[in-house]
Amino acid sequence: MKALKIAPSILAADFARLGEQVRAASDAGADYIHIDVMDGQFVPNITLGPVVVAAIRKYTTLPFDVHLMIRAPEHFLAPFADAGANLITVHAEECQQLHRVVAQIHALGVKPGVAINPHTPLVALEEILPYAAQVNVMTVNPGFGGQTFIESMLPKIARLRAMADAQNPELDIEVDGGVEIHTAPRCVQAGANILIAGTSVFGPGASIAEHLAALRRSIET
């Protein structure tokens, strides 16, 4: 079984204390920092760009997993790589030349990922799986944090894991949306090994370290 990793999503962090919260997540044992980039066109929200990524890069040595929920992501690959991205994920729905975009990410020395929205069938990934480092299965409709996990995505994760075992056993499978202590263990059982968690890490009620510890306990038991 692949190592289980937690990637706190800074979409749910306090943007007034972003560097501080990135450092706190890093110190608490996070494996990646997940950065949601939205342009108000591909999804109905606007977040941040390469300047912010570069600004928070100095607060941690953890890999930056940059998720581009934007139109024409191929035009922004180099700026995010230069800003410190270690992984760049693009959406299958937005890339008409997905193989070319994945190759461009590779050429920048960055690991390529592909994301799919809840309505997108897995057949959209069939030809790209051998070339991707990870697939992000959206378990909510993208655009906003704090949404409810879509239960029907669990069998989709399991089918993707079977596809990956046949075509690319090293593939990481991420789940993104509604991940918390109750849904996380079921995602792992289905075959995911990277959990993207926003509100359940940066939300109220406990410290970042306490939230992360609870989430990790949920998947390790």
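One can find the structure itself at the top, above this paragraph.
The rules we used
Residues numbered from 1 in each chain as written. Predicted model: local features only at pLDDT ≥ 70, side-chain atom pairs only at ≥ 80, totals over all residues. Heavy atoms only, no water. Buried < 20%, exposed > 50% of the residue type's maximum accessible area, 1.4 Å probe, protein only. Helix = DSSP H or I, 4+ residues; strand = E, 2+ residues; numbered from the N terminus. Arc of directions from axis to C-beta. Contact = heavy atoms within 4.5 Å. Pairing = 2+ DSSP bridges. Axes fitted to C-alpha atoms, helices over the stretch in contact; angles between N-to-C directions. Right-handed = clockwise from strand over helix to strand, strands pointing away.

Moving on, we come to helix H4 (residues 98-107). Given 3.6 residues per helical turn, the α-helix brings residues three or four places apart onto the same face. By the burial criterion, the buried members of H4 are Leu98, Val101, Val102 and Ile105. Across the axial projection of H4, the buried residues extend over an arc of 100°, all falling on one side. Pointing more than 90 degrees away from the buried face of H4 are the exposed residues Arg100 and Ala107. Where H4 ends, the next residue or the one after it, Gly109, has phi of about 80°, a positive value.

Below, the discussion takes up the side chain of Asn193. On the secondary structure map, Asn193 appears in the loop between helix H6 (184-190) and strand E8 (194-197). Since its relative accessible area comes to 2%, Asn193 is described here as buried. Apart from residues lying up to four places away in sequence, Asn193 is in contact with Lys2, Ala3, Leu4, Lys5, Arg161, Leu171, Asp172 and Ile173.

The next thing to look at is the environment of Ile35. Within the secondary structure, Ile35 sits in strand E2 (residues 33-38). Taking the C-alpha atoms as reference, Ile35 lies 9.6 Å from Ile88; in sequence the two are 53 residues apart. Apart from the residues lying within four places of it in its own chain, the contact partners of Ile35 are Ile10, Leu48, Val53, Ile56, Phe64, Asp65, Val66 and His67.

Moving on, we get to the sheet that holds strand E1 (residues 5-8). Judged by pairing direction, the sheet is parallel, and its eight strands sit side by side in the order E1-E8-E7-E6-E5-E4-E3-E2 without closing on themselves. Among the strands making up the open sheet, the edge pair consists of E1 and E2. When strand polarity is set aside, the average angle formed by the axes of neighbouring strands in this sheet is 25°. Where strand E7 (residues 172-176) lies against E8, three bridges are found, and the strand directions are parallel. Residue pairing in the sheet places Asp176 in a bridge with Ile196 of E8. The sheet contacts of helix H5 (residues 153-167) involve strand E5 (111-116), strand E6 (134-138) and E7, and relative to E6 the element is tilted by about 165°.

Let's shift gears to the pairing of strand E4 (residues 87-91). Of all five residues that make up E4, five are buried, and the element is covered over most of its length. Going residue by residue along E4, you find Leu87, Thr89 and His91 tucked away on one face and Ile88 and Val90 tucked away on the opposite face as well. Strand direction decides the pairing type here: strand E3 (residues 64-69) and E4, joined by four bridges, are parallel. In the strand pairing of E4, Leu68 is matched with Val90. Read from E3 through helix H3 (residues 77-83) to E4, the crossover connection turns out right-handed. Two elements, E4 and E5, share five bridges in a ladder whose sense is parallel. Paired with Thr89 across the strands is Gly113, a residue of E5.

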